[in-house]
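A look at the structure
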Amino acid sequence: MQALKNFPRTHLLAVSALTAVIGVTLLLSPSSEVEANRIAIPIPVATDFPESTSNNLSPSETLALISTLDQTTDEAVAEIEADDNLPSAVTTNAPVTANNDVQPHPAQNATPKPADATPSLTATPKEHWKTFTVSSGDTLSAMFNKAGFDNTLLYEVLNGAKQNKELANLYVGEKIAFLSNGGTLEKIRLERSELESLIVYRDDSGKYQNKVEARQPEAQLAYAEGIINSSLFLSGQKAGLPTALTMELANIFAWDIDFALDIRQGDKFNVIYEEHYIDGKKIGNGRILAASFTNQGTEYKAVYYVDSKGYGNYYTPTGDSMRKAFLRTPIDFARVSSHFNLNRKHPVLHTIRAHKGTDYAAGTGTPIKATGDGKVIFAGRKGGYGKVVILQHGESITTLYAHMSRYAKNIHTGQKVRQGQVVGYVGSTGLASGPHLHYEFRQNGVHKNPMTVKLPQAQPISGPEISRFKLATKEQLLKLKTFEESYQVATHQQ
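Residues numbered from 1 in each chain as written. Predicted model: local features only at pLDDT ≥ 70, side-chain atom pairs only at ≥ 80, totals over all residues. Heavy atoms only, no water.

1. A short note on the overall build of the protein
Formally: Numbering goes from the N terminus for both helices and strands, where a helix is a DSSP run of H or I of at least four residues and a strand is a run of E of at least two. Whether a residue is buried, partly exposed or exposed follows from its accessible area with a 1.4 Å probe, protein chains only, as a fraction of its type maximum: under 20%, in between, or over 50%, in that order. Note on contacts: a residue pair is in contact if any heavy atoms of the two residues lie within 4.5 Å. For the area figures, the Shrake-Rupley method with a 1.4 Å probe applies, and any residue is considered shielded solely by the protein chains shown.
Tallying secondary structure elements over the protein gives 10 helices and 20 strands in all. Looking at the protein as a whole, 37% of its 494 residues qualify as buried. Considering only residue pairs separated by 6 or more positions, the protein has 62% of its internal contacts joining residues 24 or more positions apart. Carbon and sulfur atoms provide 51% of the accessible area of the protein, an area that totals close to 28100 Å².

Given below as structure tokens:
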């Protein structure tokens, strides 16, 4: 034991203290059943030093042994301190005999390795980013300077891959982060949104490349239900339905219900829709998955379905498309100020003059939508109509939109348009007593009442697709019914 006398006093005290802790631990050690649920940590004791070598250690071997003891002890103590779940009496994994004699751990029979031979565990270094939020007036050059880089490096980055130049298009509220290593810029991360980031990185050749990182949000179901007292918009707000989804709800049923004319007090709606989350934080809403709308006692139901070709649309539970060839109305949430009337007195001329369309009162600049797919056959001024657009739909139907304040971009004669596309904006040009849209529907040259004319139906789901449709939509329709029933029960209990 002569070698132990040559140990520094602090090391001998550490060994003695650890030995005492282990002795107390063994005396207080619980049964084997409890011990199995506790964490065992090997701690070296005096028996770690084989007697065959204890009296013949050279100075260098002694130093190596001290180093090994220091490292093992420090690691054990650090592990103990890092584990808040450990009991106050630390147990060892050395087996206990009937007389409580501690048996050496198998590893304790081996001669300790020199310190330089002990394997080291190197943890992956944590990346440290410098992150900045873009404020009004900030430029990419300013962001580089804040991160400690000059414009020379900025030009090098922008002249790398082509898409790198998108870094220069900064918007208020975006976050831009820089990662460097030894003064070398390794990465730039521009968070365009919570779902998408542009990553510019330095490749092995030193050139800056880029990639787009996209995250998929977690979708959760949400439900809203409301009864209309004054308007769909206000009822949607009261039910907690986001404004954009209220508009989508109106669009889904727009072929069957005129939300400016047909809505009555007591009408109701039920909606299942998606909410999107990232890391437990809501970032927005998805689409409506299923909905019902009761209008004047008639219930309409719609469910979203993506067919085998990847095309998504809304259908009735039987597979008929909610989409008709024509929208019932070309403007959202407007008030009908004058109906189709062949014996109406003109408000400006004050003479009996047939009103061969429907007027929608709305503020100047309100968007006007094409009610069906078609082609612009006229866009310009036309007498009392003022600024007008006329669309041709197939061979037999035309629609007319008059008194516009201006035309939508790219609307000109010969231009093809899609249903719902904005063709112009409400105004009061021509013979108009105030801002409104005058809308006409003509079939084979004959004016029809836009409110009552029977609209052509879009193609329904048929053939092999119908079985797939029923299987895919059954669950959503069942959820809609379940939510509705649960909501009614909860409401009655309140």
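What follows continues from the structure just given.
2. Thoughts on the environment of I390
Among the structural elements, I390 can be located in strand β15 (residues 387–393). When its relative accessible area of 13% is taken as the criterion, I390 is described as buried. In the structure, I390 is positioned 12 residues away from A402 in sequence and 8.6 Å away in space, judged by C-alpha atoms.

3. Things to note about the sheet that holds strand β9 (residues 298–306)
For clarity, the threshold we go by: At least two bridges found by DSSP between two strands is the condition for calling them paired. Under this scheme, a helix contributes an axis fitted over its contacting stretch, all axes are lines through C-alpha atoms, and angles between N-to-C directions fall in the 0 to 180 degree range.
If you walk across this open sheet you meet the five strands as β6-β7-β8-β9-β10, and the pairing is antiparallel. Each edge of the open sheet is held by one strand with a lone partner, namely β6 (218–227) and β10 (312–315). Going across the sheet, the axis of each strand differs from the next one's by a mean of 25 degrees, ignoring polarity. Across six bridges, the pairing between strand β8 (residues 281–295) and β9 is antiparallel. Pairing of A290 across the sheet is with V303, part of β9.

4. Structural notes on the confidence of the model for the protein
The test is simple: pLDDT is defined as a per-residue confidence score from the predictor, taking values between 0 and 100.
Averaged over every residue, the pLDDT of the protein is 77; residues scoring 70 or more account for 70%. For residues 1–7, every residue scores under 50 in pLDDT, and the model assigns this stretch 12 contacts once sequence neighbours within four places are set aside. The low-confidence segment residues 72–121, where pLDDT is below 50, has 58 contacts with residues more than four positions distant or belonging to other chains.

5. Overview of the packing of aromatic side chains
What counts, and what does not: To pair, rings of Phe, Tyr and Trp, with the six-membered ring standing in for Trp, must have centres within 6.5 Å; the planes then decide the type, stacked if under 30 degrees apart, edge-to-face if over 60, and tilted in the middle. Geometrically, a lysine NZ or arginine CZ counts as sitting over a ring once it is within 6 Å of the ring centre and also within 35 degrees of the ring normal.
Following the criterion strictly, the structure yields 13 aromatic pairs and no others. A network of ring pairs unites the aromatic residues F132, F144, F149 and F178 as a single cluster. Note that R406 overlies the ring of Y425, its terminal NZ or CZ placed 4.0 Å from the centroid.

6. Some thoughts on the sheet that holds strand β5 (residues 208–214)
Read from one edge of the open sheet, five strands run β1-β2-β3-β4-β5, paired in antiparallel fashion. Strands with a single pairing partner mark the edges of an open sheet, and in this sheet they are β1 (129–133) and β5. Adjacent strand axes in the sheet meet at a mean angle of 20 degrees when their direction is disregarded. Here strand β4 (residues 196–202) runs beside β5; their pairing, made up of seven bridges, is antiparallel. The partner of E196 across the bridge, within β5, is A214.

7. Here's the deal with the nonpolar core
Worth spelling out the cut-off: Take the buried residues of types Ala, Val, Leu, Ile, Met, Phe, Trp, Tyr and Cys, join any two whose side-chain atoms come within 4.5 Å, and each joined set is a nonpolar core.
Of all hydrophobic cores here, the largest spans 26 residues; its most connected members are Y360 and Y401. Counting only elements with at least two residues in this core, the list comes to β15, β16 (397–407), β18 (422–426) and β19 (436–443). With 23 residues, the next largest nonpolar core counts L245, F253, I263 and M322 among its residues.

8. Re empty space enclosed by the protein
The condition is simple: Cavity and pocket criteria rest on a 1 Å grid covering protein atoms alone: a 1.4 Å probe that fits but cannot get out defines a cavity, protein on both sides within 12 Å along at least 5 of 7 lines defines an open pocket, and an atom within 4 Å of a point defines a lining residue. Grid points are joined across faces, edges and corners, and a volume is the space filled by probe spheres set on the points. All amino acids are sorted into three groups, where Ala, Val, Leu, Ile, Met, Phe, Trp, Tyr, Cys and Pro are nonpolar, Asp, Glu, Lys and Arg are charged, and the leftover types, Gly among them, are polar.
Enumeration according to the criterion identifies two cavities of 30 Å³ or more in this entry. Approximately 90 Å³ is the volume attributed to the largest cavity. If you go around the largest cavity, the residues you meet are A250, N251, A254, F259, A260, L327, T329, I331, D332, F333 and K369. Broken down by class, the residue content of the lining of the largest cavity amounts to seven nonpolar, two polar and two charged.

9. What about unusual backbone geometry?
Residue H403 is not a glycine yet carries a positive backbone phi of 65 degrees. Among the secondary structure elements, H403 is positioned in strand β16. On the basis of relative accessibility, which here comes to 5%, the residue H403 falls in the buried class. Located in the positive-phi region is N410, a residue other than glycine, with phi close to 70 degrees. With respect to the element layout, N410 can be found in the loop between β16 and β17 (416–417).

10. Brief notes about helix α7 (residues 151–158)
Cut-off, in case you're wondering: Throughout, the arc means the angular range of directions from the helix axis out to the C-beta atoms.
Within α7, the full set of buried residues consists of L153, L154, V157 and L158. Burial along α7 is one-sided: seen end-on, the buried residues are contained in an arc of 135 degrees. Against the buried residues of α7 lie α6 (140–146), β3 (184–191), β4 and β5.

11. Things to note about the pattern of salt bridges
Note the threshold: Within this document, salt bridges are pairs made up of a side-chain nitrogen of Lys or Arg and a carboxyl oxygen of Asp or Glu, the two lying within 4 Å of each other.
Applying the stated criterion across every chain yields a total of 14 salt bridges. Within the structure, one salt-bridge network assembled from shared partners comprises R323, D373 and R418.

12. Some points on helix α9 (residues 243–252)
L245, T246, E248, L249, A250 and I252 are the residues of α9 that are buried. Structurally, α9 contributes buried residues whose contacts are with α8 (232–238), β7 (268–278), β8, β9 and β10.

13. What about the environment of L241?
Within the fold, L241 resides in the loop between α8 and α9. Ignoring anything within four residues of it in the chain, the contact list for L241 reads A224, G236, T246, L249, F269 and Y273.

14. Considerations on the side chain of N295
As a reminder, the rule being used: For this analysis, a polar contact is any N or O atom pair within 3.5 Å, provided that within protein one partner can donate a hydrogen and the other can accept it, and provided that sequence-adjacent residues contribute only side-chain to side-chain pairs.
Mapped onto the secondary structure, N295 falls in strand β8. On the basis of relative accessibility, which here comes to 6%, the residue N295 falls in the buried class. In this structure the side chain of N295 is engaged in a polar contact, spanning 3.0 Å, whose partner is the backbone oxygen of D262. The residues touching N295, leaving out its near neighbours within four places in the chain, are I257, D262, I263, R264, D267 and Y300.

15. A look at the pairing of strand β2 (residues 175–181)
In the sheet, β1 pairs with β2 via five bridges, with the strands oriented antiparallel. For W129, the partnering residue across the bridge sits in β2 and is L179. As judged from the seven bridges shared by β2 and β3, these two strands associate in the antiparallel manner. Along β3, the bridge assignment pairs F178 with I188.

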